[in-house]
Structure formats: structure tokens, C-alpha cells
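The residues making up each chain are set out below.
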Amino acid sequence: MPVVPTRRSQDELWERNMTAARQFHAREGHLRVPRQHREIVEGELLGLGSFIANARRRAAKLSPERREALHALGMRW
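About the criteria used
- Residues numbered from 1 in each chain as written.
- Predicted model: local features only at pLDDT ≥ 70, side-chain atom pairs only at ≥ 80, totals over all residues.
- Heavy atoms only, no water.
- Helix = DSSP H or I, 4+ residues; strand = E, 2+ residues; numbered from the N terminus.
- Buried < 20%, exposed > 50% of the residue type's maximum accessible area, 1.4 Å probe, protein only.
- Contact = heavy atoms within 4.5 Å.
- Salt bridge = Lys/Arg side-chain N within 4 Å of Asp/Glu carboxyl O.
- Core = buried A, V, L, I, M, F, W, Y, C linked by side-chain atoms within 4.5 Å.

Chemist: Before we move on, can you summarise the overall build of the protein chain with the specific residues and values?
Modeler: The helix and strand tally for the protein chain stands at three helices and two strands. Shown N-terminal to C-terminal, the secondary structure of the protein chain runs as helices and strands in the order α-β-β-α-α. C-alpha atoms of the protein chain, sized along the principal axes, occupy 45 × 25 × 20 Å. Residues counted as buried form 31% of the 77 residues belonging to the protein chain. Counting contacts in the protein chain only where the partners sit at least 6 residues apart, residues at least 24 apart contribute 35% of the total.

Chemist: Account for the pattern of salt bridges, with residues named and values stated.
Modeler: Side chains bearing opposite charge may pair, as long as their charged atoms lie close to each other. Using the criterion set out here, one finds six salt bridges in the structure. Ionic pairing is found between glutamate 44 and arginine 8, a salt bridge with its closest N-O pair at 3.3 Å. Separated by 36 residues along the polypeptide, glutamate 44 in strand β2 (residues 44-46) and arginine 8 in the segment before α1 (10-28) bring together distant segments of the chain. Residue classification places arginine 8 among the partly exposed residues on the basis of a relative accessible area of 32%. Notably, a salt bridge pairs glutamate 44 with arginine 16, separated by 2.5 Å at the nearest N-O pair. Of this pair, glutamate 44 sits in strand β2 while arginine 16 sits in helix α1; the two residues are 28 residues apart in sequence, bridging distant segments of the chain.

Chemist: How would you sum up the nonpolar core? Please name residues and give values.
Modeler: Counting 17 residues, the largest nonpolar core has Leu31, Leu48, Phe51, Ile52 and Leu70 as the members making the most contacts within it. Every element with two or more residues in this core is listed here: α1 and α2 (48-57). Top contributing element to this core by residue count: α1, with five residues. Setting aside chain neighbours within four positions, we find isoleucine 52 in contact with Leu31, Val33, Leu70 and Met75.

So this is what it looks like as C-alpha cells:
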């Protein structure tokens, strides 16, 4: 039987990616994530590099709370 991925809301996806970003920042001390980087969070492989690149590209559309959360980790805009 094929495994069907669980559908998640945009807020849930944001939180999973932010967990990956915090984990990367705690380990590396920065948020300069290579575009192809994948981060394992709770056994799930997340495309952290894509998330960071997309967040940077869409910075103007992010809520102030989301921008501040990334800024707190040292996000380069």
C-alpha cells in the first residue's frame, strides 16, 4: 500500500520549516543555508535551503511576525 503524505496547513508547514531553521542555526551558528540543503526534523527530510531562498524572495509578502522570526535567527535579506 503506498504511503500518502499528510496534508498540512500553511501555518503547519511554516512551523516545520522554522523548526528546521532553528535546528540549523543552533548547529551552524548562522542561517546561510545552501540552496540544495536538506535538514532532518523528527525523521522527516525538509528542503530548508529552498524554504530560506523562497522566504527571502517573498520577504515583502511575509507577515511582520514571520519576518521577525527569521530576522531573530540572523536571516540575510
